Amino acid sequence: MSNSKLATPIQYVKGVGPKLAKIFAKLGVFTVEDLLYLVPREWEDRSNIKPIAQIRPSSFEVVKGEIRDIDVLQTRSRFSVLKVYIGDRTATIQAVWFNQPFLKRLFRPGMKLIVSGKVELSSYDHVLQLCVRDFEIDTGDNLKIVPRYPLTEGLYPKKLRSVIKTAIETFLGEMENENERQALLALHEPQAMAEIGPAREYLAFEELFMFQLGLLLRRKEYKEELRGRAIAAEPALLDEFRRLIPFVFTAAQDRVLADILADLKSGRPMNRLLQGDVGSGKTIVAALAAFLAVKNGFQAAILAPTEILAQQHYGKLAKLFEGMFKVVILTSATATDKKREELFDVDLVIGTHALLEAKVKFKRLALVVIDEQHRFGVHQRAKLLKKGVAPHLLVMTATPIPRSLALTLYGDLDRSIIDELPPGRMPVKTYYVPKNKRSDAYEFIRLKVKEGRQVFFVCPLVEESQELDLKAAVDEARRLQNDIFPELKVGLLHGRLKGVEKDAVMKKLLSKELDLLVSTTVIEVGIDVPNATVMVIEHAERFGLSQLHQLRGRIGRGSEQSYCFLIGDPGSEEARARLKAMIETNDGFKIAEADLRLRGPGEMLGARQSGLPNFRVADIIRDEKILQSARAAARDFIERDPKGAHNRWESQKHTVENSQKKLESSALN
Ligand code: ADP
Ligand code: MG
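Residues numbered from 1 in each chain as written. Chains lettered and ligands numbered in written order. Predicted model: local features only at pLDDT ≥ 70, side-chain atom pairs only at ≥ 80, totals over all residues. Heavy atoms only, no water.

Chemist: Can you walk me through the overall build of the protein in this structure?
Modeler: When you go through the protein residue by residue, the secondary structure sums to 22 helices and 20 strands. Taken along the three principal axes of its C-alpha coordinates, the protein extends 90 × 70 × 45 Å. Counting every position in the protein, which comprises 669 residues, the buried fraction comes to 55%. Counted over contacts in the protein with a minimum sequence separation of 6, partners at least 24 positions apart contribute 72%. Carbon together with sulfur atoms contributes 52% to the accessible area of the protein, which is approximately 31400 Å² in total. Seen as two clouds, the 101 positive and the 88 negative side-chain charges of the protein have centres 2 Å apart. (Helix = DSSP H or I, 4+ residues; strand = E, 2+ residues; numbered from the N terminus. Buried < 20%, exposed > 50% of the residue type's maximum accessible area, 1.4 Å probe, protein only. Contact = heavy atoms within 4.5 Å. Areas by Shrake-Rupley, 256 points an atom, 1.4 Å probe, with all protein chains shown as cover. Lys, Arg positive; Asp, Glu negative; His and termini not counted. Charge placed at Lys NZ, Arg CZ, Asp CG, Glu CD.)

Chemist: What is the right way to read the layout of surface pockets from this model?
Modeler: A probe matching the size of a water molecule, rolled over the atoms, marks out where space remains unfilled. Here the second largest pocket defines a volume of roughly 930 Å³. In terms of lining, the second largest pocket is formed by 34 residues, of which the most central are Phe247, Thr283, Ile284, Lys316 and Asp528. Mapped by element, the contributors of at least two residues to the lining of the second largest pocket are helix H8 (282-295) and helix H9 (307-320). It is H9 that contributes the most residues to the lining of the second largest pocket, eight residues altogether. Taken together, the residues of the lining of the second largest pocket sort by class into 15 nonpolar, ten polar and nine charged. Per-domain counts for the lining of the second largest pocket show at least three residues from each of domain 4 (226-418) and domain 5 (429-585). (1 Å grid on protein atoms, 1.4 Å probe; cavity = no way out; pocket = protein on both sides within 12 Å on 5 of 7 lines; lining within 4 Å. Points joined across faces, edges and corners; volume = space filled by probe spheres on them. Nonpolar A, V, L, I, M, F, W, Y, C, P; charged D, E, K, R; others polar. Domains from an automatic or database assignment.)

Chemist: Just checking my understanding: could you explain the sheet that holds strand S19 (residues 532-537) for this structure?
Modeler: One key point about sheets: their strands pair by backbone hydrogen bonds, in either a parallel or an antiparallel sense. The six strands lie next to each other as S15-S20-S19-S16-S18-S17, forming an open sheet whose pairing is parallel. Of all strands in the sheet, those bounded by a partner on one side alone are strand S15 (429-434) and strand S17 (490-493). Across the sheet, the mean angle separating the axes of adjacent strands is 20° when strand polarity is ignored. Here strand S16 (residues 454-458) pairs with strand S18 (residues 516-519) via four bridges, running parallel. Its bridge partner being in S18, Phe456 is matched across the sheet by Leu517. Across the sheet, helix H15 (residues 499-510) lies against S16, S17 and S18, angled at about 140° from S17, the strand it touches most. Taken strand by strand, helix H17 (residues 573-584) contacts S15 and strand S20 (563-568), and its axis lies near 145° from that of S15. (Pairing = 2+ DSSP bridges. Axes fitted to C-alpha atoms, helices over the stretch in contact; angles between N-to-C directions.)

Chemist: How do you make sense of empty space enclosed by the protein when you look at a structure like this?
Modeler: The tally for this structure, following the rule as stated, stands at one cavity of 30 Å³ or more. Of the volumes computed, that of the largest cavity is approximately 80 Å³. Lining the largest cavity we find Glu44, Arg133, Asp134, Pro147, Arg148, Tyr149, Pro150, Leu151, Leu155, Pro157, Leu160 and Arg161. Those elements that provide at least two residues to the lining of the largest cavity are strand S6 (128-137), strand S7 (145-148) and helix H3 (157-171). Looking at the lining of the largest cavity element by element, the count peaks at three residues for H3. Looking at side-chain class alone, the lining of the largest cavity contains seven nonpolar, no polar and five charged residues.

Chemist: Whenever I open this one, the side chain of Ser416 confuses me. Can you help?
Modeler: Examined against the element boundaries, Ser416 turns out to sit in strand S14 (residues 414-418). A polar contact of 2.7 Å, which involves the side chain of Ser416, links it to the side chain of Asp259. Not counting chain neighbours up to four residues away, the residues in contact with Ser416 comprise Val256, Asp259, Arg272, Leu273, Leu274 and Gln275. (Polar contact = N/O pair within 3.5 Å; in protein donor to acceptor, adjacent residues only side chain to side chain.)

Chemist: Help me understand the pairing of S7 in this model?
Modeler: For a regular strand, the rule is simple: side chains alternate between the two faces of the sheet. Neither face of S7 is left uncovered, since the one carrying Ile145 and Pro147 and the one carrying Val146 and Arg148 both have all their residues buried. In terms of strand pairing, strand S1 (residues 42-45) meets S7 through four bridges, oriented antiparallel. Directly across from Glu44, in S7, lies its bridge partner Val146.

Chemist: Is there a simple way to think about the packing of aromatic side chains in this case?
Modeler: For any two aromatic rings, the description comes down to two numbers: the centre-to-centre distance and the angle of the planes. With the rule as written, the count across this model stands at 18 aromatic pairs. Seen in terms of ring centroids, Trp97 and Phe135 are 5.5 Å apart; in terms of plane orientation they differ by 85°. Their pairing is edge-to-face. Taken together, the positions of Trp97 in strand S4 (residues 92-98) and Phe135 in strand S6 put the pair 38 residues apart, joining distant regions of the chain. Exposure class is identical for Trp97 and Phe135. Each is buried. For the pair Phe444 and Phe565, a centre-to-centre distance of 5.4 Å together with 80° between the ring planes defines the contact as edge-to-face. Pair noted here: Phe444 is in helix H13 (residues 438-450) and Phe565 is in strand S20, with a separation of 121 residues, a long-range link. Judged by its relative accessible area of 7%, Phe565 is buried. A connected cluster of aromatic rings, assembled from ring pairs, spans Phe241, Phe249, Phe291, Phe321 and Phe325. Across the ring face of Phe60, the terminal group of Arg148 is positioned such that the distance to the ring centre comes to 3.5 Å. (Phe/Tyr/Trp six-rings, centres within 6.5 Å; stacked < 30°, edge-to-face > 60°. Lys NZ or Arg CZ within 6 Å of the ring centre and 35° of its normal.)

Chemist: Looking at this structure, I do not really get the packing of helix H4 (residues 178-188) against helix H5 (residues 193-225). What am I missing?
Modeler: Between two packed helices, what matters for the description is the angle formed by their axes and the separation of those axes. At their nearest, the axes of H4 and H5 sit 8 Å apart, and the two run at 135° to each other. One way to sum up the angle between H4 and H5 is to call them oblique. The way H4 lies across H5 gives a crossing that is left-handed. Each of Asn179, Glu180, Ala183, Leu184, Ala186 and Leu187 in H4 lies in contact with H5, whose residues at this interface are Glu195, Ile196, Ala199, Arg200, Tyr202 and Leu203. (Parallel < 35°, antiparallel > 145°, perpendicular 65-115°, else oblique. Left-handed = near helix turned anticlockwise from the far one by under 90°.)

Chemist: Looking at this structure, I do not really get the domain arrangement of the protein. What am I missing?
Modeler: Quoted interface sizes are often the accessible area lost when the parts come together. As assigned here, the protein comprises domain 1 (3-43 + 156-189), domain 2 (47-142), domain 3 (204-224 + 623-668), domain 4 (226-418) and domain 5 (429-585). One C-alpha centre belongs to domain 1, the other to domain 2, and the line joining them spans 29 Å. Listed by partner, the interface residues are four residues for domain 1 and five residues for domain 2. Counting each side, the surface lost to burial between domain 1 and domain 2 is near 390 Å², with a carbon and sulfur contribution of 43%. For Arg161, the salt bridge is made with Asp134, and the minimal N-O distance between the two is 2.8 Å. Counting the contacts that link domain 1 with domain 2 gives one residue pair in polar contact (both at pLDDT 80 or more). Taken together, the residues of the side of domain 1 that touches domain 2 break down into two nonpolar, no polar and two charged. (Buried area = accessible area lost by both parts, 1.4 Å probe. Salt bridge = Lys/Arg side-chain N within 4 Å of Asp/Glu carboxyl O.)

Chemist: It is not clear to me how the environment of Lys429 should be interpreted in this structure. Could you clarify?
Modeler: If you trace the backbone, Lys429 turns up in strand S15. In the structure, Lys429 is positioned 134 residues away from Tyr563 in sequence and 4.8 Å away in space, judged by C-alpha atoms. Non-local contacts of Lys429, meaning those with residues more than four positions away in its chain, are made with Gln561, Ser562, Tyr563 and Cys564.

Chemist: What exactly am I supposed to notice about the sheet that holds S6 here?
Modeler: Here we have five strands rolled up into a closed barrel, ordered S2-S3-S4-S6-S5, and mixed in their pairing. Taking each pair of neighbouring strands and ignoring which way they run, the sheet shows an average axis angle of 55°. Of the pairings in the sheet, the one linking strand S3 (residues 80-87) to S4 comprises seven bridges and is antiparallel in character. What sits directly across from Val81, in S4, is Phe98.

Chemist: What exactly am I supposed to notice about the state of the cysteines here?
Modeler: Disulfides are covalent bonds that link the sulfur atoms of two cysteine residues. Counting across every chain of the model gives zero disulfides. With no disulfide of its own, Cys459 lies closest to Cys564 among cysteine sulfurs, the gap being 14 Å. (Disulfide = S-S within 2.5 Å.)

Have a look at this one:
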């Protein structure tokens, strides 16, 4: 339970004040409790500091010694460098501070200092220099283990440490839970490195346990308390559907269909995540679920993240169900009041965000499918569900998220996985092409077009600016058409085209009136043109790994060998690692793991969009084991004592949701 003293706004903590409180807000810290929970993620063990002669360039080092000399360089504009030469018995090193000339007043030759930060060879005079992140005067009784807190502009590590120290002295005693108090103390002021691990684990477990308790209770409610429409799947009905499609389901598709059919007829609303790599055939699975819903006298809705994808689904499903069902599409471009009215009684509707508007109403909506779920927020899921009476929910994603992430993001959903591609698919061959070898790729494309294939050209992400991306695409299309491929038919697709225009371009592509399509990343999700077998991605180094994988998923969808050319100029280690992963594997799961390693979960999924929760202590990747045991413990608790579990959640819910909100707001900064 939150104690009122712990809810004290942080500006009343001694040494904080309104100005600093604003800076703390950026870290999601508003109250004393938040401050106590601003736990370090790393600690520096200063009990054994290296002699300076042993220091090498590295991302982090601690140096201890005496000030030998001080120097301030003032360059033009207001840029300044403070250099302090620190020496011990073995050598001397330069410690540098940028743009803090006032610090000079603190230092005198002969003074003993401990400084820490990144060590590099200075590009100017090739001597080792340490870019100071943190420093303190060596008094002989300094902390042996120093916590490292997140850095924020305007909040120096020393200041942060002193504020936290004050908060601990004044408020930690207010916490009722002895274990919690001890764990927090061990993280902020550890006496030995060995204290840290268990303390972190304890707090991470508590945090994950509460979170899982909430998710599992929600899932239980779905399963046990809500009644769903029973949707029957008679064998004759299934046969009828099978006759509509030109292929047979893969074993993996059959397996997930069995899960889905069991949900649909259970009388409880389905609440299922369908995962399957790009091209694994999720759409047809959704189509069968929709078919059954409609055959049972209900309505079904499919939500897609882009207009192009909605159009594509509409094109396919309207054809598949021609003469059987009334199928309608609704996008913001096509939404009119009349159109919305029509939805009230239509069999199957496919749409974009426009479906979520309050004006859109259904008479007997019993199935909601959300395609490319990772593109939507959690709130959007809830919005669409409200349009029916406990409708069945099927969310689909090609993002092969690792288990720990799945449990956190989708812990309230059941999960089915299509782990097999339709037969005859060949892995896409992927090559890196340096910029000056572009013309080789062009030659290859000419050959493939002659064989009747089609080609995607994906334009660089210029910046976080659609305007510029658009310009890049327009320029590239013009260049390719006029200078490189005058004999071929080049089309252009980008987000600014009107709905009908996009539709016209896609139709031309499908009917092979276009050889080449130049596009922005609007084709990233869902697009299915099996005859397109070549993709060129310009400035590939600018794209994230998951995004590259999604883009490449647009080819390799038919029985022909497909090729992907990554053109670019990878400047950084990380960019090289991304391209390497693309060249080495087509396996979405491996790609996701590499992406996770390179970028961390938040960025990989686009934290805000995906609804990935933030934790104060836990780290869902590192703490996967703790996550599993917290989930198991939460499940046990619910089974053993449903009422107790419910009460516990009700009493803590507020804290969990509150800290989520704060951390979310800090992510927006
Ligand atoms: P995704 O899972 O990426 O959404 P799609 O549903 O777009 O994949 O399917 C990719 C392609 O594979 C489509 O052209 C679809 O018709 C085809 N397909 C789906 N299932 C099968 C199957 N069992 N056998 C052959 N082709 C299939
Ligand atoms: Mg799809």
